[in-house]
Amino acid sequence: MPRLSYRRALTRALADEMTRDESVVVLGEDIRVAAANVTTGLVKKFGPERVRDTPLSEQAFTSFATGAALAGARPVVEFQIPSLLFLVFEQIVNHAHKFPLMTGGQCAVPVTYLVPGSGSRTGWAGQHSDHPYALFAHAGVTTVVPATPADAYGLLVSAIRCDDPVVVFAPAGALELREDVTEPAPVPLGRGVVRRAGDDVTVVAVGHLVHDALAVADELAGQASVEVFDPRTLYPFDWDGLVGSVSRTGRLVVVDDGNRSCGIAGEIIATVVERVRLAAPPRRVTRPDGAVLPFAPALDRAVQPGRDQLTAAIQLTLKDG
Amino acid sequence: MTGPDPAALYRTVRLIRRFEERAIELVDAGEIVGGIHPYLGQEGIAAGVCAALEAGDLVTGTHRGHGHVLAKGADPARMLAELCGRVTGLNRGRGGSMHAADFGVGVLGANAIVGAAGAILTGAVWERRRRGADLVGATFFGDGAVNEGMLLEAFNLAALWRVPVLFVCENNGYATTMPVAGAVAGTIAGRAEAFGMPATAVDGQDPETVREAAAAAVARMRAGGGPELIEAHTYRFDAHHTFEHRVRLDYRPPQEVADGRSRDPVEIAGARLDPAARAEIDASVEAVLAAAVDFALAGPHPDPATALDHLYASGLTARTGGG
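Residues numbered from 1 in each chain as written. Chains lettered and ligands numbered in written order. Predicted model: local features only at pLDDT ≥ 70, side-chain atom pairs only at ≥ 80, totals over all residues. Heavy atoms only, no water.

Caption draft 1: Representation of the overall build of chain B within the structure. Broken down by element type, chain B carries 12 helices and eight strands. Here the C-alpha atoms of chain B give a radius of gyration of 19 Å, agreeing with the 20 Å that 2.2 N^0.38 yields for 323 residues. Projected onto the principal axes, the alpha-carbon positions of chain B cover approximately 55 × 50 × 40 Å. The buried share of chain B, taken over its 323 residues, is 56%. Sequence separation of 24 or more characterises 74% of the internal contacts of chain B that already satisfy a separation of 6 or more. Counting 29 positive and 39 negative side-chain charges, chain B places the averaged centre of each group 4 Å from the other. (Helix = DSSP H or I, 4+ residues; strand = E, 2+ residues; numbered from the N terminus. Rg over C-alpha atoms; globule rule 2.2 N^0.38 Å. Buried < 20%, exposed > 50% of the residue type's maximum accessible area, 1.4 Å probe, protein only. Contact = heavy atoms within 4.5 Å. Lys, Arg positive; Asp, Glu negative; His and termini not counted. Charge placed at Lys NZ, Arg CZ, Asp CG, Glu CD.)

Caption draft 2: Representation of unusual backbone geometry within the structure. Residues and elements named next belong to chain A. Here Y235 and P236 are connected by a cis peptide whose omega angle stands at -5°. Following the sequence through the fold, P236 ends up in the loop between β12 (233–235) and α10 (239–249). The phi dihedral of T122 falls on the positive side, at around 55°, and the residue is not glycine. Within the secondary structure, T122 is located in the loop between β5 (112–118) and α7 (133–139). In this structure T122 comes out as partly exposed when scored by relative accessible area, which is 48%.

Caption draft 3: Just the confidence of the model for chain B, in detail. Per-residue confidence for chain B gives a mean pLDDT of 96, with 99% of residues at or over 70. Quick note on the complex model: pTM equals 0.96, ipTM equals 0.95. (pLDDT = per-residue confidence, 0-100.)

Caption draft 4: Local environment of the pattern of salt bridges. For the structure shown, the criterion picks out 36 salt bridges over all chains. Ionic pairing is found between D21 of chain A and R74 of chain A, a salt bridge with its closest N-O pair at 4.0 Å. Highlighted residues: D21 of chain A in the loop between α1 (6–20) and β2 (24–28) and R74 of chain A in strand β4 (residues 74–78), separated in sequence by 53 residues. What makes D21 of chain A buried here is its relative accessible area of 18%. The buried category is assigned to R74 of chain A, whose relative accessible area is 16%. With its nearest N and O atoms 2.6 Å apart, the salt bridge here joins E43 of chain B to R17 of chain B. Of this pair, E43 of chain B sits in helix α2 (residues 43–51) while R17 of chain B sits in helix α1 (residues 6–28); the two residues are 26 residues apart in sequence, bridging distant segments of the chain. The residues E43 of chain B and R17 of chain B share a single accessibility class, namely buried. Linked through salt bridges whose partners overlap, the residues forming this network are R14, R18, E21, D282 and E286 of chain B. (Salt bridge = Lys/Arg side-chain N within 4 Å of Asp/Glu carboxyl O.)

Caption draft 5: Focus on the packing of α1 of chain B against helix α4 (residues 76–83) of chain B. Residue and element names in this part refer to chain B. It is the contact of α1 with α4, at a shortest axis distance of 11 Å, that shows an interaxial angle of 30°. Between α1 and α4, the interaxial angle falls into the category roughly parallel. For α1 against α4, the interelement crossing comes out right-handed. Across the interface between the two elements, L15, F19, A23 and L26 of α1 pack against P76, M79, L80 and L83 of α4. Per-class residue counts for the contact of α1 with α4 are eight nonpolar, no polar and no charged. (Axes fitted to C-alpha atoms, helices over the stretch in contact; angles between N-to-C directions. Parallel < 35°, antiparallel > 145°, perpendicular 65-115°, else oblique. Left-handed = near helix turned anticlockwise from the far one by under 90°. Nonpolar A, V, L, I, M, F, W, Y, C, P; charged D, E, K, R; others polar.)

Caption draft 6: Molecular detail of the pairing of strand β3 (residues 137–142) of chain B. Residue and element names in this part refer to chain B. Taken across its six residues, β3 has five buried, putting it largely inside the fold. Pairing analysis gives three bridges linking strand β1 (residues 58–62) to β3, with the strands arranged parallel. Looking across to β3, one finds that V59 is bridged to A138. Of the pairings in the sheet, the one linking β3 to strand β4 (residues 165–171) comprises six bridges and is parallel in character. Its bridge partner lying in β4, F141 is registered against C169. In this region the chain leaves β3, passes through helix α6 (residues 149–160) and returns to the parallel neighbour β4; the handedness of that crossover is right-handed. (Pairing = 2+ DSSP bridges. Right-handed = clockwise from strand over helix to strand, strands pointing away.)

Caption draft 7: Inspection of the interface of chain A and chain B at higher detail. Each partner contributes to the interface: chain A provides 48 residues, whereas chain B provides 41 residues. Across the interface of chain A and chain B, roughly 3,700 Å² is buried in total on both sides, 61% from carbon and sulfur atoms. Three residues stand out in chain A for area buried against chain B, namely F64, L101 and Q106 of chain A, and they jointly supply 18% of the buried area on that side. A salt bridge links R319 of chain B to E267 of chain A, with the nearest nitrogen and oxygen atoms 2.6 Å apart. Viewed at the interface, chain B and chain A are joined by 20 residue pairs in polar contact (both at pLDDT 80 or more). Listing elements by their share of the side of chain A that touches chain B, those giving two or more residues are β3 (51–53), α3 (58–70), α5 (89–96), α6 (99–102) and α11 (264–275) of chain A. (Buried area = accessible area lost by both parts, 1.4 Å probe. Polar contact = N/O pair within 3.5 Å; in protein donor to acceptor, adjacent residues only side chain to side chain.)

Caption draft 8: Local environment of the environment of P282 of chain A. Residues and elements named next belong to chain A. Mapped onto the elements, P282 comes out in the loop between α11 and β14 (283–287). The exposure class assigned to P282 is partly exposed, which follows from its relative accessible area of 25%. The spacing of P282 and V254 is 28 residues in sequence and 8.1 Å in space, taken between C-alpha atoms. Among residues more than four places away in sequence, those in contact with P282 are L252, I269 and V273.

Caption draft 9: Highlighting the nonpolar core. Judged by nonpolar contacts, the single largest core of 87 residues is most densely connected at L85, L242 and I268 of chain A together with F141 and F167 of chain B. Among the elements that line this core, the one with the most residues is α3 of chain A, at seven residues. Residue contacts for I268 of chain A: discarding those within four places in its chain leaves V204, F237, W239, L242, L252 and V254 of chain A. Membership of the second largest hydrophobic core comes to 62 residues, among which are V27, I45, C50 and V107 of chain B. (Core = buried A, V, L, I, M, F, W, Y, C linked by side-chain atoms within 4.5 Å.)

Caption draft 10: Spatial organisation of the state of the cysteines. Residues and elements named next belong to chain B. A complete count under the given rule lists zero disulfides over all chains for this structure. No disulfide involves C169; its sulfur sits 16 Å from that of C50, the nearest cysteine. Relative accessible area serves as the criterion here: at 0%, C169 is assigned to the buried category. (Disulfide = S-S within 2.5 Å.)

Caption draft 11: Region of the structure containing the sheet that holds β4 of chain B. All names here are of chain B. Pairing is parallel across the open sheet formed by six strands, whose spatial order is β2-β1-β3-β4-β8-β7. Here the strands that pair on one side only, and so sit at the sheet edges, are β2 (107–111) and β7 (199–203). Strand after strand, the sheet turns through a mean of 15° between neighbouring axes, direction not considered. Contacts between α2 and the sheet are confined to β3, β4 and β8 (228–233), with β3 contributing the most and set at about 165° to the helix.

Caption draft 12: How the structure looks around the layout of surface pockets. Its volume calculated, the largest pocket comes out at about 490 Å³. Lining the largest pocket are 19 residues, with A137, H138, Y235 and E267 of chain A together with R319 of chain B positioned closest to its centre. Elements with a contribution of two residues or more to the lining of the largest pocket: α7, β12 and α11 of chain A. Among the elements that line the lining of the largest pocket, the one with the most residues is α7 of chain A, at three residues. Within the lining of the largest pocket, the residues separate by chemical class into 11 nonpolar, six polar and two charged. (1 Å grid on protein atoms, 1.4 Å probe; cavity = no way out; pocket = protein on both sides within 12 Å on 5 of 7 lines; lining within 4 Å. Points joined across faces, edges and corners; volume = space filled by probe spheres on them.)

Okay, structure coming up:
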């Protein structure tokens, strides 16, 4: 079977959608030469009109994409650095997201914002290492965080086809993954998946942390039966899928590479406890409140949620009840 | 190129003027909640620019946007219903004064974030032209917007990619209460020239002068000349926002206000008409607005159960906020 890397899955999704639909255009900085190694080969295949290198004008080209979408395009905007999303939060949340309602349904804004390399990239320090998916979920912008190459392909395809703005966070920690993918296919937005079945505790893991959760579940196999739930889309969230899992296991641990306060882990716990009577208090493993990733690798790692913390959280949850 | 039509220009400025005056009455009566940003005194700019555009051309405007939407051809009755928050409004009561949009006549929305609409229009014109449409766009903004980075980035994109966008600066002398002299380093025309964009300054109080400048710019843009900027000097006759009617803000010298009001676009355009023709237009505008007020006030209020309709074009349903 063909091995597909996460990064190439993104490239393939872009190329397949551009081939299928003339209205798909890609905008971003240094995409012509594929500096982020995601848009490789696209300009040769589709030309510079549909694969547009932009000046360093993030706010303008993000709103330019909104305008193009109002006129019928399906733009994909690539951001090389996750923290640029802070710069264009206004353009995405205050314009792209609000236009359909504010115009009383006169328009749709089908823009995809692709962030290949979100989260820590080790050594990129404070302003290049954020993972701000919870901000977009809070604002109600469709937010996806694929964990695997097949999902990277399938969720990006679905994001491009979606009539709403969608932010696709491709975690740096997952970009080098490869897997056998015979037939890449669209993955529906808003549907999670149980990556590993278990009976004692449900671990919800976001993005690249799915793989850490699976490794921890393997390590704990003798002591506990751990179910790993990958939501894949953080907004809209597959609440029914998660509630189904937690209703069986009765325990919940969330691991999330976002900041603790008002993070997605808090939302997941709140929603589950509204709907399920748990056998033990739920726990979450996250970045600290207000985290800024320090430069030195050991410090960078210390701020990110780690396997040891996840193991401890699972064990405490099992001990509590 | 559209030729001069004094009667049509007068009709547009008169329509906008009376629309604004009727809207202020409805604010005072409590029928328009939240107030409006009156365009009184600036009508010549929207009227002149839109007279130089074709029906298929695109426009984006501002929070002071009623004139732009009306001049491009939106129905005054549905516009007024929108201001009154009725389901019969242009935006089904979801947008109100600052977000009035009519995609059917090429108005892609008034935008309440200063400087935000230029980049959106640039992208829209670019995409339509990529699909083979031979059209141009005009985006309106105030003097305050020339200090917004997003708009200057849009100047650069439009000039670099030769997107035919007419950037229309309505320089009324104040960004809310901040005088231009205290806010703008260099000049507004200089902002455009820095990006290699031709810039023309005109008297915004004379709709015919604005129309001529806009028509010349639009002709050059249609011929492939790239974007241009028009700086239209104008004066806001009334408050920044009707909220000011209730609070006393002291930022404009009375003599300046009197001087500004002495150059009234309605009078300048009206003086070009035979008095009988002018009276006939006035009467027809009154009839249109009387019917618009009736239509607006007769429209049903939206059902609270539909508050989040249109939030997601994909059909996604948001979770409710209650229990």
